[in-house]
Amino acid sequence: MNNPKITMMSTDESGNVQGNAVLNGHEWVVKPFQVASDASASEKENKLIEQAISVKRAAVDKQEMKLMDWVKGSAL
């Protein structure tokens, strides 16, 4: 990852963290997720980046599946 950057991060009263992170020039939105109540700010930031990477991977996987379906459909 080329210098992931958090562009927004917030924590609600339940301790859920959410935010946005830029990975390789694209911004990814991370839905609320739970972290330990005693987590430091840097731990929350690291977890947010991990979540953004997961969101990115899921999006890439979805695009790859669409491409494979298209290729299969074109071969018929």
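One numbering rule holds for all chains: residues counted from 1, following each sequence as written. A pLDDT threshold of at least 70 governs which residues receive local features in this predicted model, and a stricter bar of 80 or more applies before side-chain atom pairs are shown or counted, although totals over entire chains, interfaces and linings include all residues. For the side-chain quantities, the full set of heavy atoms in the structure was used; hydrogens and water were omitted.

Draft legend 1. Just the overall build of the protein, in detail. A run of DSSP states H or I qualifies as a helix once it reaches four residues; a run of E qualifies as a strand once it reaches two. Both are numbered from the N-terminal end. Summing up its helical and strand segments, the protein has 1 helix and 3 strands in all. The secondary structure elements of the protein, listed N-terminal to C-terminal, are β-β-β-α. Over its C-alpha atoms, taken along the principal directions, the protein stretches across nearly 55 × 25 × 15 Å. In the protein, buried positions account for 21% of the 76 residues. We call a residue buried when its accessible area falls under 20% of the maximum for its residue type, exposed when it is over 50%, and partly exposed in between, using a 1.4 Å probe and counting protein chains only.

Draft legend 2. Expanded view of the nonpolar core. Here, nonpolar core refers to any group of buried Ala, Val, Leu, Ile, Met, Phe, Trp, Tyr and Cys residues whose side-chain atoms link them within 4.5 Å. Val17, Ala21, Leu23, Trp28, Val30, Phe33, Val35, Ala39, Leu48, Ile49, Ala52 and Ile53 together form the largest nonpolar core, which totals 12 residues. Those elements that place two or more of their residues in this core are strand S2 (16-23), strand S3 (26-34) and helix H1 (41-75). Apart from residues no more than four positions distant in its own chain, Trp28 is found in contact with Gly19, Asn20, Ala21, Leu23, Ala52, Val55, Lys56 and Ala59. Two residues qualify as a contact provided that any one of their heavy atoms is within 4.5 Å of a heavy atom in the partner residue.

Draft legend 3. Expanded view of the side chain of Lys44. Tracing the backbone shows Lys44 in helix H1. The charge count treats Lys and Arg as positive and Asp and Glu as negative. His and the chain ends do not count. Throughout this description, the term salt bridge denotes a Lys or Arg side-chain nitrogen within 4 Å of a carboxyl oxygen of Asp or Glu. No salt bridge is formed by the buried Lys44; the nearest opposite charge belongs to Glu43, separated by 8.4 Å. Filtering out sequence-adjacent residues up to four positions away, Lys44 remains in contact with Met9, Thr11, Val17, Val35 and Ala39.

Draft legend 4. Layout of the environment of Ser42. Residue placement: Ser42 occurs in helix H1. Accessibility expressed as a relative area gives 43% for Ser42, which makes it partly exposed. Remark: the alpha-carbon pair of Ser42 and Val30, spanning 12 residues in sequence, is separated by 16 Å. Here the side chain of Ser42 touches Ser40 through a polar contact of 3.2 Å, side chain to side chain. By the criterion applied in these results, polar contacts are pairs of N or O atoms within 3.5 Å in which, for protein atoms, one can donate a hydrogen and the other can accept it, and in which residues neighboring in sequence qualify only through two side-chain atoms.

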